[in-house]
Amino acid sequence: QVQLAESGGELVQAGGSLRLSCAASGRTFSSYTMGWFRQAPGKEREFVIGITSSGLTTKYADSVKGRFTVSRDNAKNTMNLQMNSLKPEDTAVYYCAGSRLNLMVPTTRAAWDYWGQGTQVTVSS
């Protein structure tokens, strides 16, 4: 089992950048595919970006391609989300997630096993 904790969410102006971090407890972090989802008010939680356990494969939602990047450090049990060129529509609660499907990056919520509590990102226009 792994416990996840996000940090880094804050208010930022459109066009700005923000870096979110996810810290994981437990010794099996390197076994999981890790990813980020987000949920805006009144909307479903949606897949944003993910990275396999090895870090060799990443997957992005079309809405963030070219703007967001994900990285992980298995030695430190951390994953980071670098968000650039932020838009008001990126405003949401961002959730760190872990999946035992470590050789792929699933995009459906049901395929993810572990979740953090979320961190609020607000992009002002």
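Criteria and thresholds
Residues numbered from 1 in each chain as written. Predicted model: local features only at pLDDT ≥ 70, side-chain atom pairs only at ≥ 80, totals over all residues. Heavy atoms only, no water. Helix = DSSP H or I, 4+ residues; strand = E, 2+ residues; numbered from the N terminus. Buried < 20%, exposed > 50% of the residue type's maximum accessible area, 1.4 Å probe, protein only. Polar contact = N/O pair within 3.5 Å; in protein donor to acceptor, adjacent residues only side chain to side chain. Disulfide = S-S within 2.5 Å. Pairing = 2+ DSSP bridges. Phe/Tyr/Trp six-rings, centres within 6.5 Å; stacked < 30°, edge-to-face > 60°. Lys NZ or Arg CZ within 6 Å of the ring centre and 35° of its normal.

Engineer: Help me understand the side chain of Thr33 in this model?
Structural biologist: Inspection of the secondary structure assignment puts Thr33 in strand β4 (residues 33-39). Under the relative-accessibility criterion, Thr33 is labelled buried at 0%. From its side chain, Thr33 meets the backbone oxygen of Met104 in a polar contact 2.8 Å long.

Engineer: Looking at this structure, I do not really get the state of the cysteines. What am I missing?
Structural biologist: Should the sulfur atoms of two cysteines be covalently bonded, the bond is a disulfide. In the structure shown here, the tally under the stated rule is one disulfide. The disulfide that involves Cys22 links it to Cys96, with 1.9 Å between the sulfurs. A torsion of -70° about the S-S bond marks the disulfide between Cys22 and Cys96 as left-handed. Of this pair, Cys22 sits in strand β3 (residues 18-24) while Cys96 sits in strand β9 (residues 92-99), and the two are 74 residues apart along the sequence.

Engineer: Got a minute to help me understand the pairing of β4 in this structure?
Structural biologist: Successive side chains on a regular strand alternate, one facing one side of the sheet and the next facing the other. In terms of burial, β4 is largely enclosed, as six of its seven residues are buried. As judged from the five bridges shared by β4 and strand β5 (residues 46-51), these two strands associate in the antiparallel manner. By the bridge assignment for β5, Met34 is matched with Ile51. Linking β4 to β5, which pair antiparallel, is a turn of six residues; within it Gly42 sits at a positive phi near 75°.

Engineer: Hey, could you run me through the packing of aromatic side chains in this one?
Structural biologist: The description of two aromatic rings rests on the distance between their centres and on the angle between their planes. Taken as a whole and assessed by the stated rule, the structure comprises four aromatic pairs. Aromatic side chains Phe37 and Phe47 sit 5.7 Å apart centroid to centroid with 80° between the ring planes, which places their arrangement in the edge-to-face category. Residue Phe37 is found in strand β4, and its partner Phe47 is found in strand β5; the two are separated by 10 residues along the sequence. When sorted by exposure, Phe37 lands in the same class as Phe47, which is buried. For the cation-ring pair, Arg45 lies above Trp115, with the distance from its terminal atom to the ring centre recorded as 5.0 Å. Above the ring of Trp115, the side-chain terminus of Arg109 is found at 5.7 Å from the ring centroid.

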